[in-house]
Amino acid sequence: GSSPTVVGGSLQSGGEPGHPSSSGGASGGDSTFDGAVGVDQDLLALSTRELKTELVRLGVDASGCVEKAELVAALKQAGWRHLPRCPICLDGVKAGGPDCRSCDGCRAGFHRRCAAGHALAAAEEARLPLLCPACRRRWNADMVQWALDEAELQRYNALV
């Protein structure tokens, strides 16, 4: 296929011979990544499930990875730099986490507290309908209900 594949911790691009990412030369290691120490710390902080989610997001088939170190290596070889950033606070967003959710329109990830603050501020300033701050598409009721706790939802509903 055309998507990259990980075999024994080595990224290969769809079986294309001579592709640069499939040459595992000794000089091709971490030195090609700016900020490799930060990348390593970010990756090591992720669970195995989160690492696999990031590989899927990048279109990398990691079915050949067995160990966490192989998943980390695959993400580094695929050019992973950092977690996606919340457009409101600019901190990393862990895909699939209970306190993170993506906009249906642009797939930008938001922290629950950031989305709640955005929804309440928009309602207080009568900026409705509620729009995604990244793509300006309308947020559905599910996003608002997810972001707001019961008291905040009552406050939001009173404002709208």
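(A) Representation of the overall build of the protein chain in the model. A count of helices and strands for the protein chain gives 6 helices and 4 strands. Counted from the first residue to the last, the protein chain has its helices and strands arranged as β-β-α-α-α-β-β-α-α-α. Excluding contacts between residues fewer than 6 apart, the proportion of contacts in the protein chain whose partners are at least 24 apart in sequence is 53%. Counting only carbon and sulfur atoms, one obtains 51% of the accessible surface of the protein chain, whose full area is about 9,200 Å².

(B) Layout of the packing of aromatic side chains. The tally for this structure, following the rule as stated, stands at 1 aromatic pair. Taking the centre distance of 5.1 Å and the plane angle of 85° together, the rings of Phe110 and Trp139 count as edge-to-face. Taken together, the residues span a long stretch of sequence, with Phe110 in strand S4 (residues 109–111) and Trp139 in the loop between helix H4 (112–124) and helix H5 (141–147) at a distance of 29 residues. Its relative accessible area of 0% is what places Phe110 among the buried residues.

(C) A look at H4. The first and last C-alpha atoms of H4 sit 18 Å apart over 13 residues, in line with the 18 Å expected at 1.5 Å per residue. Burial in H4 covers these residues: Cys114, Ala115, Ala116, His118, Ala119, Leu120, Ala122 and Ala123. Tucked into the core, H4 has its buried residues touching S4, H5 and helix H6 (150–159). Following H4 by one or two positions, Ala126 adopts a phi angle in the positive range, close to 55°.

(D) Spatial organisation of a nonpolar patch on the surface. On the surface, Leu128, Leu159 and Val160 cluster together to form a nonpolar patch covering roughly 240 Å² of accessible area. Inspection of the secondary structure puts Val160 in the segment after H6.

(E) How the structure looks around the environment of Asp42. Relative to the elements of secondary structure, Asp42 occurs in helix H1 (residues 36–45). Each C-alpha atom, one on Asp42 and one on Val72, is 9.9 Å from the other, the two residues being 30 residues apart in sequence.

(F) Focus on the nonpolar core. In this structure, Phe110, Ala115, Leu130, Trp139, Leu148 and Tyr156 are the most contacted members of the largest nonpolar core, which totals 22 residues. At the level of elements, H4 and H5 are the ones that each hand at least two residues to this core. When residues of this core are assigned to their parent elements, the largest contribution, 7 residues, is made by H4. If sequence neighbours within four positions are ignored, Trp139 has contacts with Cys103, Phe110, Ala115, His118, Leu130, Leu131, Cys132 and Pro133.

(G) Just the packing of helix H2 (residues 48–57) against helix H3 (residues 68–77), in detail. In the contact formed by H2 and H3, the axes pass within 10 Å of each other and the chain directions differ by 30°. With respect to their mutual orientation, H2 and H3 come out roughly parallel. In this structure, H2 crosses over H3, and the sense of that crossing is left-handed. Residue-level contacts link Thr48, Leu51, Lys52, Glu54 and Leu55 of H2 to Lys68, Leu71, Val72, Ala74 and Leu75 of H3. Grouping the constituent residues of the contact of H2 with H3 by class yields 6 nonpolar, 1 polar and 3 charged.

(H) Highlighting the packing of H4 against H6. At their nearest, the axes of H4 and H6 sit 9 Å apart, and the two run at 25° to each other. Between H4 and H6, the crossing angle belongs to the class labelled roughly parallel. Between H4 and H6 lies a crossing of left-handed hand. Facing Arg113, Ala116, Ala119, Leu120, Ala123 and Glu124 of H4, the residues of H6 in contact are Glu152, Arg155, Tyr156 and Leu159.

Procedures and definitions
Residues numbered from 1 in each chain as written. Predicted model: local features only at pLDDT ≥ 70, side-chain atom pairs only at ≥ 80, totals over all residues. Heavy atoms only, no water. Helix = DSSP H or I, 4+ residues; strand = E, 2+ residues; numbered from the N terminus. Contact = heavy atoms within 4.5 Å. Areas by Shrake-Rupley, 256 points an atom, 1.4 Å probe, with all protein chains shown as cover. Phe/Tyr/Trp six-rings, centres within 6.5 Å; stacked < 30°, edge-to-face > 60°. Buried < 20%, exposed > 50% of the residue type's maximum accessible area, 1.4 Å probe, protein only. Expected span 1.5 Å × (residues − 1). Patch = residues over 30% accessible without salt bridge, like charges linked within 9 Å, V, L, I, M, F, W, Y side chains within 5 Å. Salt bridge = Lys/Arg side-chain N within 4 Å of Asp/Glu carboxyl O. Core = buried A, V, L, I, M, F, W, Y, C linked by side-chain atoms within 4.5 Å. Axes fitted to C-alpha atoms, helices over the stretch in contact; angles between N-to-C directions. Parallel < 35°, antiparallel > 145°, perpendicular 65-115°, else oblique. Left-handed = near helix turned anticlockwise from the far one by under 90°. Nonpolar A, V, L, I, M, F, W, Y, C, P; charged D, E, K, R; others polar.

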